[in-house]
Amino acid sequence: MPISLLWAVDVHGRVYSLSTAGQQWDQCRNAQMEFKRVTAAQQCCWGIACDNSIYLNVHASDLPVRYQEETYENQRWNPVDGFSERLLPSDRWQWSDVSGLQHQPLDGFQLPSSSWEWEGDWFVDENFEGEPTEREGWTYAIDFPANYTKDKKWNSCVRRRHWLRYRRYKAMDMWAKIPSQQTTLPDPFNDISCGGWDISEEPRGRLSLWAVSLQGKVWFREGIYHHNPEGWSWEEVALPGEVVQISCGPGDLVWAVLWEGQFIVREGIGRDCPKGSSWTMVDSPSPDAGAIHVTVGANVVWAVTKDNKVWFRRGVNSHNPCGSGWIHMVGEMLMVNVGLNDQVWGISSEDRAVYFRQGVTPSELSGKTWKTISVPREGERSHSSASSLQSAGCFFTGEVRAPSVTSEAESDPDRALTEGPGLVCSVAPESLVDATTNPSDLPLDTPKPRIPKVTSDSFISELVSDREPGKISKEAQPPPASVPEEEAVPSEESLTEVVLSPSPHSGAPSSQWSNVDLEEGQAPQIQSSLVAESADTCSLSSVVTYTLAMEDPYTNDEHPLWAWVSAGACNVDCHSQLNWFNCSLNTSSLLQSVQSMSLSVTPAQTAAWRKQIFEQLNERTKREIDNFRHYEQAVEQSVWVKKGTMQWWRDWKPHKWIDVQFALEQFSGPDGNKDGILFIYYNLYEEKKYLHAFINEVTILVPVLNDSKHTFAVYTPERTKQRWPIRLAAATELEMHDWLALLSVSCCDSRGIHGAPSKQAIWSITCKGDIFMSEPSPALEAVPYPTPCDQMFWRQVGGHLRTVECNSVGIVWGIGYDHTAWAYTGGYGGGFLQGLASSTDNIYTQTDVKSVFIYENQRWNPVTGYTSRGLPTDRYMWSDASGLHECTKTNTKPPSPQWTWVSDWAIDYSVSGGTDKEGWQYAADFPASYHGYKTMKDFVRRRRWARKCKLTTTGPWQEIPPIPLSDVSILPCAAQSSVEVVPLWAISNKGDVLCRLGVTALTPAGSSWLHVGTDQPFKSVSIGAVSQVWAIARDGSAFYRGAVSSENPAGDSWYHIPSPAKQKLKQVSVGRTSVYAVDENGNLWYRQSVAPSYPQGSFWEHISNNVRKVSVGPLDQVWIIADKVQGSHSLSCGTVCHRLGVQPTEPKGHTWDYGIGGGWDHITVRGNAMDPPRFRMPPLTNSSFSANRSPETVRSTEVNGNAMGC
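The shown structure was predicted, so the numbers you read here are calculated from the model rather than taken from an experiment. (Residues numbered from 1 in each chain as written. Predicted model: local features only at pLDDT ≥ 70, side-chain atom pairs only at ≥ 80, totals over all residues. Heavy atoms only, no water.)

Caption draft 1: Main features of the overall build of the protein. When helices and strands are tallied, the protein shows 12 helices and 72 strands. Split into buried and exposed, the 1206 residues of the protein put 54% on the buried side. Total accessible area on the protein is roughly 55600 Å²; 51% of this is exposed by carbon and sulfur atoms. (Helix = DSSP H or I, 4+ residues; strand = E, 2+ residues; numbered from the N terminus. Buried < 20%, exposed > 50% of the residue type's maximum accessible area, 1.4 Å probe, protein only. Areas by Shrake-Rupley, 256 points an atom, 1.4 Å probe, with all protein chains shown as cover.)

Here it is in structure tokens:
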């Protein structure tokens, strides 16, 4: 999980942050004043300073915050001057926005605040719909407004050009004051809360910021998103009363507290109305004590009343933001705060320490127990040295005593505030007295018992020595606590838990400190300081400081007193491993104590022991092995068989699942070689028959995407040619994984393949997200006799990715469906591959999230308008994208049993072509071209619904936070490359071009990102073997990056390359000298005349159609993922194809050789830099593979032969 921050403010106004991977509070050094409170999001933190002004701290990132200012220059033609600035009175402004309604001269643009700076001067945008313009960026039309073209015609009477200028936000990692409004200023603020980032993904980084003024008014900050982190202006929100505090969740939950102690809930919050429409009143959980604080998450609401009681609101969700009832929780807090994943933090009213709510899960949102965060602040000196403990012990007792007898909870640092009323202690007070020395051993000037912290056993004995043990035990028992009607009643076990915890600053384990916590105010007050001051205890060094320096009670040695905590940026869940709760131990002192107890061993004794052990091992070897060498082997080969029951998708029509007996027979010879045979026994017309396949002929084992069965496919070279594998279904997922692991090990044993993939490996991804790799043979690229593709053996690697890239140095990167970047760690196995099929190290947990889409379709009729009643020939009213399969919200399942839902169905507005405010797209009929607005000719409409699902697996992949990526490319090095730092380029999911620094074979993840400026978002990038960088913009235009070198890894400028006529490119791949690209219609193009002196080339040449992806290797070898490949039964989508005949004299090749498929989505050969052997024999006329085939040009949609479910 990526590293995130927990923010807090202490009572002195200092702002601190605590990393999920850290063990100390880091102070914000750039704060020029004290702060009252803060509210955090993942990309920034907002705060209210003591001057009641709002400040913003934007976290520094490798991606700069840039905002594009734009304006249009308009001109009209006249017979005298030609095109000039003289416009008609009815025309638009000479300098205007795109609509022409607003006057926008170049000198009218100003920086919004001092936190911004201009990147450069105004320049003309010379790109028009993916094509470079002529005549200085002018586009022409008949009149304003009209459709513009880049070519001037005889009737072009007006023209315009697009001017751009970028400004950059420079106040990164520092507190910048939000500028005041030019109109009426809101009164000073006293509370603030940000959230709303889950309401809509567009615009990027959108936030909702709510603030409360001193007069009880509520204000909403408009226009906050990534490119404008400060927002535009404040807008007042009407209220039913005066508000004291407000809280905004990551979604559409907003609650506020009124002066009278009641709550108001904001309703009507949505994508088009982020500030909502109305308020609803909710009563306080306690009629006697009004509410003073509230905090909300995605599906939870927590509140604190005036008596510091904590309450949990049940039944809260997006459809019912008010919830259904209150539940009283154990603990007394000043405030609480809900972070990501609905995790909860709070500040105790008793000791002002920060507590974390443990046990919060999606099924138990209220959690189980409070646990204090016991980490030091930055700059605090250690309290755990053994010397300080010993000196403190001698100071108080005259000698170092043994630790007192304590309970299990005392020695367990993970124990904290537990649920259950009253004070319960399983340790008798007399045991504490007996374990300490006599109070008379203390110095005479030791202060008497009014010390605010209980720290040592000697002090405990002194403070309770004048009390009778029986009396103390009796007074410590509370009366029975009354439980409210909706209060969660603790179990009997929780009621008897010990409420003792060691000091968060305690030292060596030989000194045990304890405290006793009061959970309810109903217990009688015990006069001893043992109970009067509970919660955390300080170290002995702080006691000495307190004794000698009474006038400074808040030294660094005291535990910090917190005033506010904000967890909106803290990404933890119930499985997160945090280092916030364990007290630091003095490792050196512990080591010294162990060494002091160990025996003294001389070097002579060590040498004698080694000699003796060596002699004993030699005798054992002679006795057990050498004495039996003259015997012959009793068994020359071994055979074992594993059988099971499965279902088989039979080869003949009608195709259906039938029950079969499945058996694997494996045998090994005297030389250690292993082989085996697969048998499938079935009945045909009451006659027993069988199907078999040799293990050494199996080329791949593929888990098949199926939402109801646990299926996998077995391929051989012959079945690869037919596009018809052996499909088997197991009864359970565990059984399928067991068979796959066993078969995978057997296949690898028969071929002698073990361990991690080589640096030359070819990597591929299926449409299901499974990762496969193949070890290429030197003859794979041989001319004219290459190894046929259908004979390549593929083995699976654990993990789940959408795309993968590699090079011959061994650097492999992948990108998941959720755009998370992953780096290969060098291991193998993972997932269902365990034991001998997987490495023991370099295997990590990997998660991936993807969206499942369904479509709601409607047809218009004159009576009722658009309804779900379609024509008999129409598609299903709830369907998939094709309309051929019915998909409703209730019957749509995750892609496979490995996936689980993590969200509800929601309207997807990010559909190609745009949508209206309700998410609808309109068209004349099904299917047709859809658009986001309604016209008179639109009789049908649809909208897309999305639901997210999550998969958790393991594999040799490590996450590279924090920027999500959509494409990546690594320099394809030669076989004996001397490149140390490998160039790596990537595209973020928002279209930013990035260059990774510090990527080496030892550090494949690199160190940091370098942003490469562009004038528009990009979607594909590729770097060639000599550092030539090509990229594709989202509008389909191609670009070449000039002057890229090891000294200048980011290059200097982009050169616009014209796309093929009437085509929009979507992907590019660059090899040593070749440049290939794929357009949105599936055409493969080759760039002609690319040379070192002319790297842009001259024109595009068409190579093939029905191409999905292309990969060009370091030797200019060309591999693709092809669609509509003919098989024995039908056409197959997603087939791996290899271009034959590629040579330096013929870089385009001549034919295709078909490999594994269908169901493949990505392949990369950029790691295969082995020089192929050369033959001078004439080519065969009939080779073993179909070398004269090419991807079919037919447009049939029959894909029954697709084993992967594409």
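Caption draft 2: Summary view of unusual backbone geometry. In this structure, the amide linkage connecting Pro-961 to the following residue, Pro-962, adopts the cis form with an omega of 0°. A cis geometry characterises the amide bond from Gly-1157 onward to Gly-1158, with omega recorded as 0°. Checked against the element boundaries, Gly-1158 lands in the loop between strand E71 (1151-1154) and strand E72 (1160-1164). The residue Arg-723 is not glycine, and still its phi comes out positive at about 60°. Along the polypeptide, Arg-723 turns up in the loop between helix H11 (717-722) and strand E39 (726-730).

Caption draft 3: The arrangement of the nonpolar core in detail. Of all hydrophobic cores here, the largest spans 35 residues; its most connected members are Trp-813, Leu-965, Trp-985, Trp-1009, Phe-1018 and Trp-1054. Contributing elements (two or more residues each) for this core: strand E44 (812-815), strand E45 (821-824), strand E54 (965-970), strand E55 (984-988), strand E56 (993-997), strand E57 (1008-1012), strand E58 (1018-1023) and strand E59 (1029-1033). Among the elements that make up this core, the one with the highest residue count is E55 (4 residues). Look past the residues within four positions of Phe-1018 in its chain and what remains in contact with it is Ile-987, Gly-991, Val-993, Ala-1031, Ile-1032, Ala-1033, Arg-1034, Phe-1039 and Trp-1054. (Core = buried A, V, L, I, M, F, W, Y, C linked by side-chain atoms within 4.5 Å. Contact = heavy atoms within 4.5 Å.)

Caption draft 4: Region of interest: the environment of Gln-32. Within the secondary structure, Gln-32 sits in the loop between strand E3 (25-27) and strand E4 (35-40). Residue classification places Gln-32 among the exposed residues on the basis of a relative accessible area of 73%.

Caption draft 5: Broad picture of the environment of Arg-204. Within the fold, Arg-204 resides in the loop between strand E17 (189-195) and strand E18 (208-213). Along the backbone, Arg-204 and His-226 are 22 residues apart, and their C-alpha atoms lie at a distance of 5.6 Å. The contacts of Arg-204, once residues within four sequence positions are left out, are Leu-63, Tyr-225, His-226, Lys-990 and Asp-992.

Caption draft 6: Broad picture of the packing of aromatic side chains. Across all of its chains, the model carries 46 aromatic pairs by this definition. Their ring planes at 40° and their centres at 5.0 Å tell us that Trp-648 and Tyr-682 sit as a pair that is tilted. Pair noted here: Trp-648 is in strand E33 (residues 638-649) and Tyr-682 is in strand E35 (residues 674-684), with a separation of 34 residues, a long-range link. Across the pair, Tyr-682 and Trp-648 agree in class, each one buried. Here the basic side chain of Arg-66 rests over the ring of Tyr-166, its NZ or CZ set 4.1 Å away from the ring centre. (Phe/Tyr/Trp six-rings, centres within 6.5 Å; stacked < 30°, edge-to-face > 60°. Lys NZ or Arg CZ within 6 Å of the ring centre and 35° of its normal.)

Caption draft 7: Region of interest: the side chain of Arg-943. Turning to its location among the elements, Arg-943 is positioned in strand E52 (residues 940-955). Note on Arg-943: relative accessible area 15%, which makes it buried. A distance of 3.1 Å separates the side chain of Arg-943 from the backbone oxygen of Glu-918, its partner in a polar contact. For Arg-943, the contacting residues outside a window of four places in its chain are Ile-854, Tyr-855, Glu-856, Ile-907, Glu-918, Gly-919 and Trp-920. (Polar contact = N/O pair within 3.5 Å; in protein donor to acceptor, adjacent residues only side chain to side chain.)

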